[in-house]
Amino acid sequence: MQAVLNDLEYYEDEEEEDNESFKSAVAIPPTTAVAESFVGYSYTVCVNPLSIDFDSSSHDSDFEDAHDEFSEEEEEEEEEDAEDKTFVSQHGVPSAKEEHDLLEDVPTRVDERKLHPIPRIGQKINSKSTKETSSMSQHPTKVKAMSFNQDRDCIAIASSKGIQIRTIDDLNKSHVHKLDIKGGINCIQVLHRTSLLAISKSRTPRIVSLVYGKNGRVLKELSFTSAVRRIEMNRLCLAVLTASGGLHIFVYGLGKQKQDIVFLTSIGLLHKSESARMMTADGATLQGSFFELAPQCIDGETWLVTKSVEGIGYVSVYKISTGQVERSTTGQENVPIPSIKVVNTICAHDHSIGKIALGGISEKEKDSSTVTGRVFATASVKGTIIRVFSLTTCEKLHEFQRGSSPCTIHSLAFNSDVTILAVSGSKGTVHLFHLLQENRVEARSSSSHSSHANTTTTNNNSVGGLYPYLKQWISGKNKRGNQQATENVVRSFARIRIKGEYANMPNVITMGTSTTINKTDDDDNVEENVVICPMDGTLIQYAVNHKGRKRPVRAEKFFTSNVL
């Protein structure tokens, strides 16, 4: 442990003002400047939603039955394209190509204050401005990382020029804040809507800086022995993933006599048979890669789910808490002792864990009776099966099949009431799955056993003692017994096809608050908002009801590639 502490160098700011402002950001309610919302000093951009005449009430043929059998992803694409052509010829609705053209024609908003005016005839051209303009065109701004905040109502973008934070919960207007940082940054995370940001600069990739978002003033710095890949935080702790495969946990706000941020522990994520090469800058920076920290802190406790060193395909569940108060005999302030403990370690997949997502953890969940809604989803690097587990008991609740061919999963996201799971992958498709009671593993297993009761008796009489071995082979169970029969796997009830240049582009997704079209309890009138953000700074939003019908809501280029 002492060796690990030596690898982590802590830079404490000498100014007392920085210490107080840092503590205010993690305190509830906020009191000083760092805890203020970035909306207060941002500028407003009016957004015109994508206007498409799309009547979702009578387009059942546009959505294929999720329970139809299919063999390969290529066959699915050909069938859906054929259905789209038939649908357009009958109803006259814009085709997928026209919809993609609308997406490409989205106007790019540029801050005119940062552009140089066009010189008039005979006017002397400023050579410095010309050099800056030419260098800008030669080196366009590149998006390096994107992450949603804990409330999933704004997105933070790390680029080669600096930072951009934007709200996404309002369709009519958005608040945008931009901050130029020399050399750019590699990864970013914002604490809710406060002004506290955690970033890793491109020029110092082994240092995490906690900065004041309004002016970029550095409050704290944490140094590591390898490059920083991803940062997550809530009001209790901060988690930093490095290129060596280590996950470093810090806690803050533990009393006046202690440092404002304290190292807690380091967790190894790589099995002995795995290499640190899988912690690439492109894959590890996406949200949910290899670990996921709960967005909220409830009663001084929070949850952490990580890839485990116990074996390939294993995950570990941790609970982080402020701990019991240390009784002081010298009359000094009693300070709680932070602690982290392993709740459980389970085998979730046969292949290595790629993505993890948490759902059902909210500050509103004060009653212990609601803990059954706390779940986490896992996807392996193969990307064919998605599994959902209970966070408290680690019991497997659901098993979904995205497809039959391997796919790289980019992002996982639950909706607010944990009834739908969204999955985006490298096939250019976003799948939506129902987390219904009848879709649970035990419910489908019991129905399968009852339906095959008669055939079991017949087969037992015909093949005798060989039947148990044949049944185990047919059901596809392996030695660890974590495979389910193919007939028990649930497929997606809706799919959103991303076409064109965005199909193979990495993205992050989230699910906003559900909206009700009419004041009835019918599922057709309740729509879930799915927000898809490809890594070029485009925002695509769809509304999908619980029967699988979807409609495009907006598509805009909220990040400019030439000017930050």
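Look up a bit, the structure's there.
(A) View of the pattern of salt bridges. Scanning all chains against the criterion turns up 13 salt bridges. Between Asp153 and Arg193 there is a salt bridge whose closest N-O contact spans 3.3 Å. Placement of Asp153 in the loop between β3 (143-148) and β4 (154-159) and of Arg193 in the loop between β7 (185-190) and β8 (196-201) is noted, with a sequence separation of 40 residues between them. Note that Arg230 is salt-bridged to Glu292, the shortest N-O span being 3.0 Å. On the criterion of sequence distance, the pair formed by Arg230 in strand β11 (residues 228-233) and Glu292 in strand β15 (residues 291-293) is long-range, its members being 62 residues apart. For the pair formed by Arg230 and Glu292, the shared burial category is buried. Members of the salt-bridge network, linked through shared partners, are Arg152, Arg230, Glu232 and Glu292.

(B) Up close: the packing of aromatic side chains. Scanning the entire structure with this criterion turns up 4 aromatic pairs. Both rings, one in Phe376 and one in Phe389, keep their centres 5.3 Å apart while their planes meet at 20°; by these two values the pair is stacked. One end of the pair, Phe376, is in strand β20 (residues 375-380); the other, Phe389, is in strand β21 (residues 385-390), and 13 residues separate them in sequence. Residues Phe376 and Phe389 agree in their burial class; the two are buried.

(C) Just the environment of Thr44, in detail. Summarising the element assignment, Thr44 is placed in strand β2 (residues 43-46). Classification of Thr44 by relative accessible area gives partly exposed; the value is 43%. Expressed as a C-alpha distance, the spacing of Thr44 and Thr167, which sit 123 residues apart in the sequence, is 9.8 Å. At 3.4 Å, the side chain of Thr44 and the side chain of His175 are in polar contact.

(D) A look at unusual backbone geometry. Even without a glycine there, the phi angle at Arg152 is positive, about 60°. As for its placement among the helices and strands, Arg152 is situated in the loop between β3 and β4. The class for Arg152 is partly exposed, based on a relative accessible area of 28%. Backbone geometry at Asp299 places phi at a positive 55°, although glycine is not the residue there. In this structure, Asp299 sits in the loop between β15 and β16 (301-307).

(E) Here's a closer look at the nonpolar core. By size, the foremost hydrophobic cluster in this structure holds 32 residues, and its most contacted members are Met146, Leu432 and Cys533. Those elements that provide at least two residues to this core are β3, β4, β24 (420-425), β25 (429-434), β26 (494-497), β27 (507-511), β29 (526-534) and β30 (538-545). Membership of the second largest hydrophobic core comes to 22 residues, among which are Ala25, Val208, Leu210 and Met233.

(F) Structural detail: the sheet that holds β25. Pairing is antiparallel in the open sheet, where 4 strands are placed in the order β23-β24-β25-β26. Either end of the sheet is taken by a strand with one partner, and the two such strands are β23 (409-414) and β26. Neighbouring strand axes in the sheet, compared pairwise and without regard to direction, differ in orientation by 15° on average. In this sheet, β25 lies alongside β24 in antiparallel orientation, the contact comprising 5 bridges. Note that in β25 the partner of Ile420 across the bridge is His434.

(G) Fine view of the environment of Lys182. Mapped onto the fold, Lys182 is located in the loop between β6 (173-180) and β7. Taking relative accessible area as the criterion, Lys182 reaches 67% and is therefore assigned exposed. As a C-alpha pair, Lys182 and Ser202 span 20 residues in sequence and 8.9 Å in three-dimensional space.

(H) Local environment of the state of the cysteines. This model, assessed by the stated rule, comprises 0 disulfides. The cysteine Cys237 is free of any disulfide, with Cys297 supplying the nearest cysteine sulfur at 7.7 Å. For Cys237, a relative accessible area of 1% translates into the label buried.

(I) The sheet that holds β4, seen in detail. Taken together, 5 strands build an open sheet; the order of strands is β2-β6-β5-β4-β3 and the sheet is antiparallel. Each edge of the open sheet carries a strand with a single partner, namely β2 and β3. Pairs of neighbouring strands in the sheet enclose a mean axial angle of 25°, with direction left out of account. The pairing of β2 with β6 spans 4 bridges and is antiparallel.

(J) Geometry of the side chain of Ser42. Locating Ser42 in the fold gives a position in the loop between α2 (16-26) and β2. Residue Ser42 is classed as buried on the basis of its relative accessible area, which comes to 15%. At 3.0 Å, the side chain of Ser42 forms a polar contact with the backbone oxygen of Val39. Contact partners of Ser42, with chain neighbours within four places excluded, come to His175, Val176 and His177.

(K) Just the pairing of β25, in detail. Among the 6 residues in β25, 6 count as buried, and that is most of the element. Side-chain alternation along β25 places Thr429, His431 and Phe433 on one buried face and Val430, Leu432 and His434 on a second face that is also buried. Pairing analysis gives 4 bridges linking β25 to β26, with the strands arranged antiparallel. Across the sheet, the residue bridging to Val430 is Ile496, located in β26.

(L) Geometry of the environment of Ser244. Note that Ser244 resides in the loop between β12 (237-242) and β13 (246-252). Judged by relative accessible area, which is 45%, Ser244 ranks as partly exposed. Beyond its immediate sequence surroundings of up to four residues, Ser244 is in contact with Ser226, Leu270 and Ala276. Among the polar contacts listed, one links the side chain of Ser244 to the side chain of Ser226, at a separation of 3.3 Å. Here Thr242 takes part through its side chain, which lies 3.2 Å from a polar atom of the side chain of Ser244.

Cut-offs and rules
Residues numbered from 1 in each chain as written. Predicted model: local features only at pLDDT ≥ 70, side-chain atom pairs only at ≥ 80, totals over all residues. Heavy atoms only, no water. Salt bridge = Lys/Arg side-chain N within 4 Å of Asp/Glu carboxyl O. Helix = DSSP H or I, 4+ residues; strand = E, 2+ residues; numbered from the N terminus. Buried < 20%, exposed > 50% of the residue type's maximum accessible area, 1.4 Å probe, protein only. Phe/Tyr/Trp six-rings, centres within 6.5 Å; stacked < 30°, edge-to-face > 60°. Polar contact = N/O pair within 3.5 Å; in protein donor to acceptor, adjacent residues only side chain to side chain. Core = buried A, V, L, I, M, F, W, Y, C linked by side-chain atoms within 4.5 Å. Pairing = 2+ DSSP bridges. Axes fitted to C-alpha atoms, helices over the stretch in contact; angles between N-to-C directions. Disulfide = S-S within 2.5 Å. Contact = heavy atoms within 4.5 Å.

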